[in-house]
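# Topology and contacts: notes
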Amino acid sequence: MKVIDFLQVRYFKKKMLLLVIVLGMMTVLVQCASVSQRWPENERRTEDRMFLLQQEIGKGLGSGELTLDESQEFVVKLDNLRRDYTVLRERKTTQEEWAPLLTKLEDMEKEVKVVLAYPSRIDETKLEDRMIVLQRRLDDGMLIGRLRRVQGRDFQLRLDDIRREFLQRIKDRPLTTEEKGETSSRLDLLESDVNNAL
């Protein structure tokens, strides 16, 4: 009986010692997160994310998905984030001090993605301008007699059809890339036919 009690007490002491060691290690880990130190992983990840964000802004501006004003606004926000990042990188910090910067960076990434997903209507304005120019050329061609009435009416019907479909599509949302391409190619074909007729 005493041997069993002795073994149970010894087993209990081992469990307690293990529990104390685990709790001690957890306390040390928690303290490390709240102690000021360098955070190389945060630094690397933040630098990488800011670099990718800058590339996205540049690509968006180059492709026309971002206007000059939108891209400048994003660049200013990114510069502010870089300033905050430099302050954190230059000194020892706690993990909690990185949280606001990482949250701002994440919010900006989401904002850029939304704007790139729904680009401004620059391309739509260009398409509308092309339709206006084409309409003027048709009117002038029929007015001075360079286009026969039947031919002018045919071109006008084609242009009206393109314009009607275009306006219907942009009523509730921006054009998709495929729709822009399709409208542009239809305008190209009509412009080519009008040029040949004039």
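Above this text you will find the structure in question.
Here goes a summary of the coordinates provided. Every value quoted in this text rests on a predicted model; they were computed, and no experiment measured them. (Residues numbered from 1 in each chain as written. Predicted model: local features only at pLDDT ≥ 70, side-chain atom pairs only at ≥ 80, totals over all residues. Heavy atoms only, no water.)

### With respect to the overall build of the chain
- Assigned secondary structure in the chain consists of 7 helices and 0 strands.
- Reading the secondary structure of the chain in the N-to-C direction produces α-α-α-α-α-α-α.
- For the chain, with 198 residues in total, the buried portion stands at 26%.
- In the chain, once contacts between residues fewer than 6 apart in sequence are set aside, the share between residues at least 24 apart is 76%.
- Taken as a whole, the chain presents about 13,800 Å² of accessible surface, with 60% of it coming from carbon and sulfur. (Helix = DSSP H or I, 4+ residues; strand = E, 2+ residues; numbered from the N terminus. Buried < 20%, exposed > 50% of the residue type's maximum accessible area, 1.4 Å probe, protein only. Contact = heavy atoms within 4.5 Å. Areas by Shrake-Rupley, 256 points an atom, 1.4 Å probe, with all protein chains shown as cover.)

### Topic: the pattern of salt bridges
- Following the criterion strictly, the structure yields 18 salt bridges and no others.
- Put simply, Arg-130 and Glu-191 hold a salt bridge, and the shortest N to O gap is 3.0 Å. Taken as a pair, Arg-130 in helix α5 (residues 122-143) and Glu-191 in helix α7 (residues 177-197) lie far apart in primary sequence, 61 residues in all.
- One continuous salt-bridge network, built from bridges that share partners, spans Asp-161, Arg-164, Glu-165, Arg-169, Glu-179, Glu-182 and Arg-186. (Salt bridge = Lys/Arg side-chain N within 4 Å of Asp/Glu carboxyl O.)

### Notes on the nonpolar core
- Core analysis: the largest hydrophobic core is formed by 17 residues, its most contacted members being Ile-57, Phe-74, Met-108 and Val-112.
- Of all the elements in the fold, those that place two or more residues in this core are α2 (40-63), α3 (68-89) and α4 (95-117).
- Top contributing element to this core by residue count: α4, with 8 residues.
- When residues no more than four places from it in sequence are discounted, the contact partners of Ile-57 are Leu-66, Ser-71, Phe-74, Val-75, Leu-78, Met-108 and Val-112.
- Counting 14 residues, the second largest nonpolar core, distinct from the first, contains Met-131, Leu-147, Phe-166 and Val-194. (Core = buried A, V, L, I, M, F, W, Y, C linked by side-chain atoms within 4.5 Å.)

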